[in-house]
Amino acid sequence: MNALTKPDPGNHRILVIDDNPSIHADFRKVLGPLSGPLRAELDADEAALFGDAPTAGRQWNFEIDSAMQGQEGLKMVEAALAEGRPYATAFVDVRMPPGWDGVETIQHLWKCDPELQVVICTAYSDFSWDQIIGKLGATDKLLILKKPFDNVEVLQFAHALTEKWLLCRRASLQMEELDRLVRERTAALQAANEQLSLEVQERILIEAALRVSEHRFSKAFNASPIAMAIVSRRDTCFVDVNEGFAKLLGWSREKVLADNFATLPMWDDPEVHTDFLGRLRGDLSITDLACGLRTRTGDLREANVIAEAFDLDGVPHVLLLLEDVTERKQLEERLRQSQKMEAIGQLAAGVAHDFNNILTVIRGHISLQLASAQVQGAQRSSLAQVLAASERASSLTRQLLSFSRRQVAQPRAIRLHQVIGQVGDMLRRLLGETVALEVACPDDLPAVVGDPANVELILMNLAVNARDAMPEGGTVRIEPAAVHFTPADCAHFPERRTGGFVRLSVSDNGSGMTPEVLARVFEPFFTTKEIGKGTGLGLATVYGIVRQHEGWIEVRSQQGIGTTFDVFFPGSGCAHEESAAPEIEVATTIGGTETILAVEDEPDLRELVQVVLESAGYRVLLAENGPSALALFAEHEEEIDLLITDMVMPGGITGRELAADLQARKPGLRAVFTSGYSADLMGDDAPRSHEIDFLQKPYAPDTLLRMVRACLGESELCAQMAG
């Protein structure tokens, strides 16, 4: 196999010139073995170009050498050339005191080895690109890597430039081989008069070799998954396009070849089209031009365009490569949306937590006032309205906590068709007479782990959202189904997971949503309704509940056609639905004389707890955080009968840690936990919410007194209450 058909094994020698030893260590860590899907793809392209089968299990390793300054690097380049093993790529720091800087070093390196590919490493405060080009000249052998650099970017640069060096070396060898063939052909023609038969045979052999070469190029061109086209720069006619180009635009290959590049309606932005045509007639060299392309059906595809000018039989042409990055852009956007929703959820949880503390104080003092016989008439009615308003505010914070997945839930194995059946009549009343409800619910659905009340809330919120999208009436369809996802099904959906799930679909044939609205549909307080017509928390609550159930939600919507919400629940693995726990009657005796240590960082709430407990006869010791509670406990250990503590407090000690410390000192000490979040915040290794004494803020004074009395009195009753 000659030099035209058999490529050399490659050159992966890299020289790092930097005065910082840690930079050399970083490069050696980053530039390790390269294998996997990217290597397999490159091997396949090489096989298509050169006609060889890819080598199985081939690994690519970089050989890294280091120099601390430019003069030392130049000596190493000279030595490498002398031994016939030149460097393919050099990473050169722009600042290397003392001695040559990076730009001067590169000038010396290129005088010694003009084929060396160079990456100049520079910070934002170093030379500008114009300054570097002014000193080194415009060249495709130079790339810039900004510090601090990304490991993947370094690996990509190293691999791409060593491959480029190899391809340039191969091209040089091929040109030398072609020159040799031309000389041989000239000699053969000169001897044609004496050896006519030999000339004919030579011609036959050359034509055969040309057909083989054309076949190989055609195979690589047409088999490439990247859309490729060859366009004449004289008249902008298509010379050839591959199937990938035709498939991307949705036209047949024959249709594209019959059209003209200047008139083919493939550009989304007319200005980009005009600019591209102008550059097509000039000195064209385009890399990674991001643009929008329109397909035959009008769909928009995001693409990166690469264009390179070349001559074909003396006629100027351009090679176009269109990389379809639509799905990658969509995945990136979904990831950004997911991260944004997570951040909003954290914010919502913090707001709800602080608001619950405030509501606890408001509800507590109003309840104390209403319990007084002296409050009557209009004053009592006014206080009752304030209490009712605080109840509505409490409902609002519960929705925020549901969105942030920090609301108390009572999950168990349930059947969706039974939950849908129980809430069906309520949904019909919510939808009204102008909206029809269709339910297609199989009886053999697998059970899922969920809180029935929260699942009902999901159905009601989605139904109300669908109703509001159909002011003139329409149809809402609820359809659960068992689904199973393979890795291929999850490839373009970041939240999907492989395995079996139960999908709950709620569809409407309403007005649908624009892409802008669809991108923000789950944000808290975002609504397209008129002021006063909606809180903007309905779909945010649905999002939070679904995430709390370890599921996810997908939305499909088209203006004028309708919207479908697909909610996915993991299967429970249970054969039967668990029955709900029976309600337990609570003791009515709520007073006592015991000593209680109450720990709360909010001053107003701490004062309320003291008033409520002391009014019931208890002795109360107050602490604002964990350290002060430990100090009080050290003084009154024998007297303290119960601990009431907030879960999240300043001072470096959480409520759970405080309780564990005090219970270790005094075994049998009971603890009541309070929080504006949920009991789940105590961590994965803590008991679940039904196994501890937990009060969710905001709570009423009588609820606090009953919990305290239950903990100080009958332990069994306390356990039933917490459950």
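Let me sum up the structure you'll find in this document. Just so it is clear, the model here is predicted, and its values are computed rather than measured.

Here the focus is the environment of Asn 61. Positionally, Asn 61 belongs in the loop between helix 2 (37–50) and strand 2 (63–67). For Asn 61, a relative accessible area of 44% gives the class partly exposed. For the pair Asn 61 and His 159, spaced 98 residues apart in the sequence, the C-alpha separation amounts to 9.6 Å.

Let's shift gears to the sheet that holds strand 15 (residues 499–508). The mixed open sheet is built from five strands, whose spatial order is 12-14-15-17-16. The sheet is open, and its two edges are formed by strand 12 (435–439) and strand 16 (552–558), each paired on a single side. Strand-to-strand, the axes of this sheet are offset by a mean angle of 20°, without reference to chain direction. Sheet analysis places strand 15 next to strand 17 (residues 562–570), joined by eight bridges and oriented antiparallel. Bridge pairing links Leu 504 to Val 567 in strand 17. Each of strand 12, strand 14 (474–485), strand 15 and strand 17 is contacted by helix 14 (residues 452–468), which is oriented at about 170° to strand 17, the strand it contacts most.

For the rest of this paragraph, the subject is the sheet that holds strand 18 (residues 595–599). Ordered in space as 19-18-20-21-22, the five strands form an open sheet in which the pairing is parallel. Each of the sheet's edge strands pairs with one partner strand only, and the pair in question is strand 19 (619–623) and strand 22 (693–696). Neighbour-to-neighbour, the strand axes of the sheet open up by a mean angle of 20°, direction not taken into account. Judged from the four bridges that link them, strand 21 (residues 670–675) and strand 22 form a sheet pairing that is parallel. Residue pairing across strands places Ser 675 opposite Gln 696, the latter belonging to strand 22.

In this section: a nonpolar patch on the surface. On the surface, Met 175, Leu 178 and Leu 181 cluster together to form a nonpolar patch covering roughly 260 Å² of accessible area. Along the chain, Met 175 turns up in helix 6 (residues 151–190).

A complete count under the given rule lists 24 salt bridges for this structure. A salt bridge links Arg 180 to Glu 184, with the shortest nitrogen-to-oxygen separation between them at 2.3 Å. With Arg 180 and Glu 184 both in helix 6 and four residues apart, the pair spans about one turn of that helix. For Arg 496, the salt bridge is made with Glu 554, and the minimal N-O distance between the two is 2.7 Å. Of this pair, Arg 496 sits in the loop between helix 15 (487–490) and strand 15 while Glu 554 sits in strand 16; the two residues are 58 residues apart in sequence, bridging distant segments of the chain. Overall, Arg 496 belongs to the buried group, its relative accessible area being 17%. Several salt bridges share partner residues, and in doing so they unite Arg 13, Glu 63, Asp 65, Glu 83 and Arg 85 into one network.

What counts and how
- Residues numbered from 1 in each chain as written.
- Predicted model: local features only at pLDDT ≥ 70, side-chain atom pairs only at ≥ 80, totals over all residues.
- Heavy atoms only, no water.
- Helix = DSSP H or I, 4+ residues; strand = E, 2+ residues; numbered from the N terminus.
- Buried < 20%, exposed > 50% of the residue type's maximum accessible area, 1.4 Å probe, protein only.
- Pairing = 2+ DSSP bridges.
- Axes fitted to C-alpha atoms, helices over the stretch in contact; angles between N-to-C directions.
- Contact = heavy atoms within 4.5 Å.
- Patch = residues over 30% accessible without salt bridge, like charges linked within 9 Å, V, L, I, M, F, W, Y side chains within 5 Å.
- Areas by Shrake-Rupley, 256 points an atom, 1.4 Å probe, with all protein chains shown as cover.
- Salt bridge = Lys/Arg side-chain N within 4 Å of Asp/Glu carboxyl O.

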